[in-house]
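Structure assessment
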Amino acid sequence: MKNFKFKIDGVDYEVSVNELEGNNAEVVVNGKSFNVELDNEQPTASAPVARVAQSAAVPASKKVAANIKAPLPGSIIKVLVSNGQSVKRGDVLLTMESMKMENNVCAESDGTIKNVLVKQGQNVMQDDVLIEFEGTVVEAAAPAPAPKPQAKPAAAPKAAPAPAAAPKPAGGASAVKAPLPGSIIKVLVSEGQSIKRGDVLLTMESMKMENNIMAEKDGVVGKIYVQAGKSVMQDDVLLDLA
């Protein structure tokens, strides 16, 4: 039996509830007995919320070697870092002059300077390694690939007319080509001349600027295809270098 006390509108009530028998219960209110029939309605349980544990993919980071190379041929003006120095992405590592313009060479990621390979005043060629660099790369979790739509087969392209054959260097020689369209100002070497890596071979004007074309290796000048005043297009062969 359970006993309860209530006060309703200032009136005290003592209520006793006997144990249930089926859907019936005996309820005594202030000494007066009542037979109470209960509804058989079951309380609706709230549907459990399924919680799916989602493991957030934490991007992993790793150290990778990422050598800093010269974007263009030119000359080193200033080196702003030293071996072992930590740098942030976007920090200026060195300044070089190329095509009469100063260019800042910046770090492409956070990392550490392992070895500085150039010094002020040194001439460099395009893609020469300036600094050995160890960068930190964050690997993001790759999303699931989307289904590829079925593409209609493309019509076979029409054959383009064959371009005019460029002069071929003699056996064992490499071709020195124009990096940009422009005009030859001065040819500084002659056929059969021995040259060293970094020597200026000729000067050309491009985009209203003078550009020195330098030798990428030691060798001997072969055939020269241009002379002062000649206009050239990008990738035109200027001379052979054996």
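So, a few notes on the structure that sits alongside this text.

The rules behind each value
- Residues numbered from 1 in each chain as written.
- Predicted model: local features only at pLDDT ≥ 70, side-chain atom pairs only at ≥ 80, totals over all residues.
- Heavy atoms only, no water.
- Helix = DSSP H or I, 4+ residues; strand = E, 2+ residues; numbered from the N terminus.
- Contact = heavy atoms within 4.5 Å.
- Areas by Shrake-Rupley, 256 points an atom, 1.4 Å probe, with all protein chains shown as cover.
- Pairing = 2+ DSSP bridges.
- 1 Å grid on protein atoms, 1.4 Å probe; cavity = no way out; pocket = protein on both sides within 12 Å on 5 of 7 lines; lining within 4 Å.
- Points joined across faces, edges and corners; volume = space filled by probe spheres on them.
- Nonpolar A, V, L, I, M, F, W, Y, C, P; charged D, E, K, R; others polar.
- Polar contact = N/O pair within 3.5 Å; in protein donor to acceptor, adjacent residues only side chain to side chain.
- Buried < 20%, exposed > 50% of the residue type's maximum accessible area, 1.4 Å probe, protein only.

**Some points on the overall build of the chain**
Per the secondary structure count, the chain includes zero helices and 21 strands. In the chain, once contacts between residues fewer than 6 apart in sequence are set aside, the share between residues at least 24 apart is 53%. Looking at the chain as shown, the accessible area adds up to about 17,500 Å², and 52% of this sits on carbon and sulfur atoms.

**A few points about the sheet that holds strand β12 (residues 123-124)**
Ordered in space as β10-β9-β7-β12, the four strands form an open sheet in which the pairing is antiparallel. Each end of this open sheet is capped by a strand with a single partner; those strands are β10 (101-106) and β12. Judged from the four bridges that link them, strand β7 (residues 74-79) and strand β9 (residues 92-98) form a sheet pairing that is antiparallel. Each bridged residue has a counterpart across the sheet, and for V79 the counterpart in β9 is L94.

**Brief notes about the layout of surface pockets**
What the largest pocket holds in volume is close to 720 Å³. As for the largest pocket, its lining consists of 29 residues, of which P73, P179, N212, I213 and M214 are closest to the centre. At the level of elements, β7, β9, β14 (174-177) and β18 (209-214) are the ones that each hand at least two residues to the lining of the largest pocket. If one sorts the elements of the lining of the largest pocket by residue count, β18 sits on top with five residues. Residue composition of the lining of the largest pocket, grouped by class: 12 nonpolar, nine polar and eight charged.

**Points about the side chain of N211**
With respect to the secondary-structure elements, N211 resides in strand β18. For N211, the side chain forms a polar contact with the main-chain oxygen of M209, separated by 3.1 Å. Excluding residues that lie within four positions of it along the chain, N211 makes contacts with M99, L202, T203, M204, E205 and S206.

**Some thoughts on the environment of I224**
The topology assignment puts I224 in strand β19 (residues 219-224). When its relative accessible area of 17% is taken as the criterion, I224 is described as buried. Along the primary structure I224 and V176 are separated by 48 residues, whereas in three dimensions their C-alpha atoms are 9.7 Å apart. Excluding its chain neighbours within four sequence positions, the residues that come into contact with I224 are V187, V189, S190, E191, L238 and L239.

**Brief notes about the sheet that holds strand β16 (residues 194-195)**
Taken together, the four strands give an open sheet; going across it, the order is β14-β21-β19-β16, and neighbouring strands pair in antiparallel fashion. At either end of the open sheet lies a strand with only one pairing partner, and these are β14 and β16. Sheet analysis places β14 next to strand β21 (residues 237-241), joined by four bridges and oriented antiparallel. Looking at the pairing, S174 lines up with L241 of β21.

**Some details on the pairing of β19**
Bridge analysis of β16 against β19 gives two bridges, and the strand direction is antiparallel. For S194, the partnering residue across the bridge sits in β19 and is V220. As defined by bridge partners, β19 adjoins β21 across two bridges and the pair is classed as antiparallel. Bridge pairing in β21 places V221 opposite L241.

**Points about the pairing of strand β3 (residues 24-29)**
Bridge analysis of strand β2 (residues 11-17) against β3 gives three bridges, and the strand direction is antiparallel. Along β3, the bridge assignment pairs S16 with V28. Looking at chain direction, β3 and strand β4 (residues 32-37) are connected through six bridges and run antiparallel. Across the sheet, A25 pairs through a bridge with V36, a residue of β4. Counting the residues in the hairpin turn of β3 and β4 gives two residues, including N30, whose phi is positive at 50°.

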